[in-house]
Amino acid sequence: MKLKLVLASALLAVGLSASAQTIIKFSHVVATDTPKGQASEFFAKRAAELTKGKVKVDVYPNSQLYKDKEEMEALQMGAVQMLAPSLAKFGPLGVKEFEVFDFPFIFNDTADLHKVTQGPIGASLLAKLEPKGVKGLAFWDNGFKAFSANTPLKNVADYKGKKFRIQSSKVIEEQIRSLGGIPQVMAFSEVYQALQTGVVDGTENPISNFYSQKMNEVQKHLTLTNHGYLGYAVIVNKKFWDGLPADIRGQLEQAMKEATDFANQVAQKDNDLALEGVKKAGKTTVYVPSKEERLALKNALVPTHAKMVDRVGKDLLNSIYKATDFDPSKL
Ligand code: LMR
């Protein structure tokens, strides 16, 4: 009788573990109709298909679960399993090197960026996360940033004395100071209101973020400066990831590979569509700087590299210069 009970409970346990579903909570701060929003949904779909339902990815967009800084802590504690924070937000985790992506004008275009994110430099950056209990799986694109304010931003002097909301990056802080502006770190979910109430005068972001947060309702001027890059590292709680059965982990890696291709395909299109949306809404004047104006901005911002090199390390900065043939005078 006793043996029967033991056998029955053992069978039940096997049955349970065979049918148990692994849930991955994937938290992020942007809207669903953005490159990251779409790519996280794509990943959830492919993860379910490839694992035949053994893994369910629940995506929580728009800071529903956590704001910027809290989500990193939640990942380390295991309260969520997956995030895709912007590369500007890894300083508080103690991995300052990611701020190299914030260096103004460091990439001329997406091809330059991919030489870094899709090559050995990107892989070595992701590896720096492991001692923090975090595993880096991929880089996802968003795009190049534009500056906005309620007054026109054409010349470098136009930035002087203005308060700009920024992400939690020391490099971006210095970027704003180089223009004579005042940087103010703030969570993404608070930007719309801060712009609306005048707590800050302006901000920077790719257009997909600007438009999907309706910032165009509260910013009269948008200048397509493309002065810096904003993209993401998809990260997981390392203990959780390493504890997955190898076959499931392999299927999730495949889903992530496909989601990364998808993210990088839709990013530019999403930003183009968002720009059309801004123009159609008609509340914001979109300004394309002349070559001379953009060069003046570049000249004002490139000295940030020398000032902030210690933050990311000389070798890393030089390896990116080399990979992209960085030329401070070229546009
Ligand atoms: C921001 O805070 O402006 C961005 O990092 C938001 C995002 O995740 O794209």
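Everything that follows concerns the structure shown earlier in this document.
Values in this document were obtained by computation on a predicted structure and should not be read as measured data. (Residues numbered from 1 in each chain as written. Predicted model: local features only at pLDDT ≥ 70, side-chain atom pairs only at ≥ 80, totals over all residues. Heavy atoms only, no water.)

Caption draft 1: Quick look at the overall build of the protein. Secondary structure summary: the protein contains 13 helices and 11 strands in total. Relative to the globule expectation of 20 Å for 331 residues, the C-alpha radius of gyration of the protein, 22 Å, shows essentially globular dimensions. A total of 331 residues make up the protein; the buried ones form 52% of that total. Sequence-distant contacts in the protein: of pairs separated by 6 or more residues, those separated by 24 or more amount to 76%. Summing over all exposed atoms, the protein offers an accessible surface of approximately 14900 Å²; the carbon and sulfur share of this is 55%. Between the mean site of the 43 positive side-chain charges and the mean site of the 36 negative ones, the protein shows a separation of 3 Å. (Helix = DSSP H or I, 4+ residues; strand = E, 2+ residues; numbered from the N terminus. Rg over C-alpha atoms; globule rule 2.2 N^0.38 Å. Buried < 20%, exposed > 50% of the residue type's maximum accessible area, 1.4 Å probe, protein only. Contact = heavy atoms within 4.5 Å. Areas by Shrake-Rupley, 256 points an atom, 1.4 Å probe, with all protein chains shown as cover. Lys, Arg positive; Asp, Glu negative; His and termini not counted. Charge placed at Lys NZ, Arg CZ, Asp CG, Glu CD.)

Caption draft 2: Representation of the sheet that holds strand β7 (residues 182–185) within the structure. The six strands lie next to each other as β7-β6-β8-β5-β9-β11, forming an open sheet whose pairing is mixed. Here the strands that pair on one side only, and so sit at the sheet edges, are β7 and β11 (285–287). Along the sheet, successive strands turn relative to each other by an average axial angle of 25°, direction set aside. (Pairing = 2+ DSSP bridges. Axes fitted to C-alpha atoms, helices over the stretch in contact; angles between N-to-C directions.)

Caption draft 3: A look at the site of the ligand. The full set close to the ligand counts 13 residues, and Lys36, Lys89, Arg165, Gln167 and Tyr232 are the nearest of them. At 2.6 Å from an oxygen atom of the ligand is found a side-chain nitrogen or oxygen belonging to Gln167. In this structure, Tyr232 approaches the ligand through a side-chain N or O atom, which is 2.5 Å from an oxygen atom. Look at the ligand: alone it shows 270 Å² of surface, and the protein chains cover 99% of it. Residue classes in the shell around the ligand are distributed as five nonpolar, four polar and four charged. (Near = heavy atom within 4 Å. Polar contact = N/O pair within 3.5 Å; in protein donor to acceptor, adjacent residues only side chain to side chain. Nonpolar A, V, L, I, M, F, W, Y, C, P; charged D, E, K, R; others polar.)

Caption draft 4: The environment of Phe26, seen in detail. Relative to the helices and strands, Phe26 is located in strand β1 (residues 22–27). Judged by its relative accessible area of 0%, Phe26 falls in the buried class. Residues Phe26 and Thr110 lie 84 residues apart in sequence; the distance between their C-alpha atoms is 26 Å.

Caption draft 5: Looking closely at the nonpolar core. Counting residues in each nonpolar core, the largest one holds 44 residues, and the members touching the most others are Phe26, Phe43, Val57, Met82, Trp140 and Leu252. Per-element tally for this core: the top contributor is helix α10 (residues 246–281), with nine residues. Counting 34 residues, the second largest nonpolar core, distinct from the first, contains Val100, Leu113, Leu129 and Phe139. (Core = buried A, V, L, I, M, F, W, Y, C linked by side-chain atoms within 4.5 Å.)

Caption draft 6: A look at the pairing of strand β2 (residues 55–60). Of the pairings in the sheet, the one linking β1 to β2 comprises six bridges and is parallel in character. The residue bridging Lys25 from the neighbouring strand is Asp58, located in β2.

Caption draft 7: Here's a closer look at the sheet that holds β1. The mixed open sheet is built from five strands, whose spatial order is β2-β1-β3-β10-β4. Each end of this open sheet is capped by a strand with a single partner; those strands are β2 and β4 (134–144). The sheet contacts of α10 involve β1, β2, β3 (82–83), β4 and β10 (229–237), and relative to β4 the element is tilted by about 15°.

Caption draft 8: Region of the structure containing the environment of Ser212. For Ser212, the position within the fold is in helix α8 (residues 207–212). It is 7.6 Å that separates the C-alpha atoms of Ser212 and Ala274, two residues lying 62 residues apart in sequence. In terms of polar contacts, Ser212 uses its side chain to reach the backbone carbonyl oxygen of Ser208, at 2.6 Å.

Caption draft 9: Geometry of unusual backbone geometry. The backbone of Phe105 sits at a positive phi, close to 60°, despite the residue not being glycine. Mapping Phe105 onto the fold places it in the loop between β3 and α4 (110–117). The phi torsion at Lys214 lies on the positive side, around 60°, for a residue other than glycine. By secondary structure assignment, the location of Lys214 is in the loop between α8 and β9 (221–223). Judged by its relative accessible area of 46%, Lys214 falls in the partly exposed class.

Caption draft 10: Up close: α4. Within the sequence span of α4, burial applies to Asp112, Leu113, His114, Val116 and Thr117. Tucked inside the fold, the buried residues of α4 contact α5 (120–127), β4, β10, α10 and α13 (314–324).

Caption draft 11: Expanded view of the packing of helix α11 (residues 291–301) against helix α12 (residues 303–312). Running from N to C, α11 and α12 point in directions that differ by 25°, and their axes come no closer than 4 Å. The orientation of α11 relative to α12 falls into the category roughly parallel. Contact residues: Lys298, Asn299, Ala300 and Leu301 in α11; Pro303, Thr304 and His305 in α12. Of the residues assigned to the contact of α11 with α12, the class counts are three nonpolar, three polar and one charged. (Parallel < 35°, antiparallel > 145°, perpendicular 65-115°, else oblique.)

Caption draft 12: Summary view of the pattern of salt bridges. Evaluated as defined, the whole model comprises 17 salt bridges. For Lys56, the salt bridge goes to Asp58, with nearest N and O atoms at 2.6 Å. (Salt bridge = Lys/Arg side-chain N within 4 Å of Asp/Glu carboxyl O.)

Function cannot be inferred from these measures alone, as they are strictly geometric.
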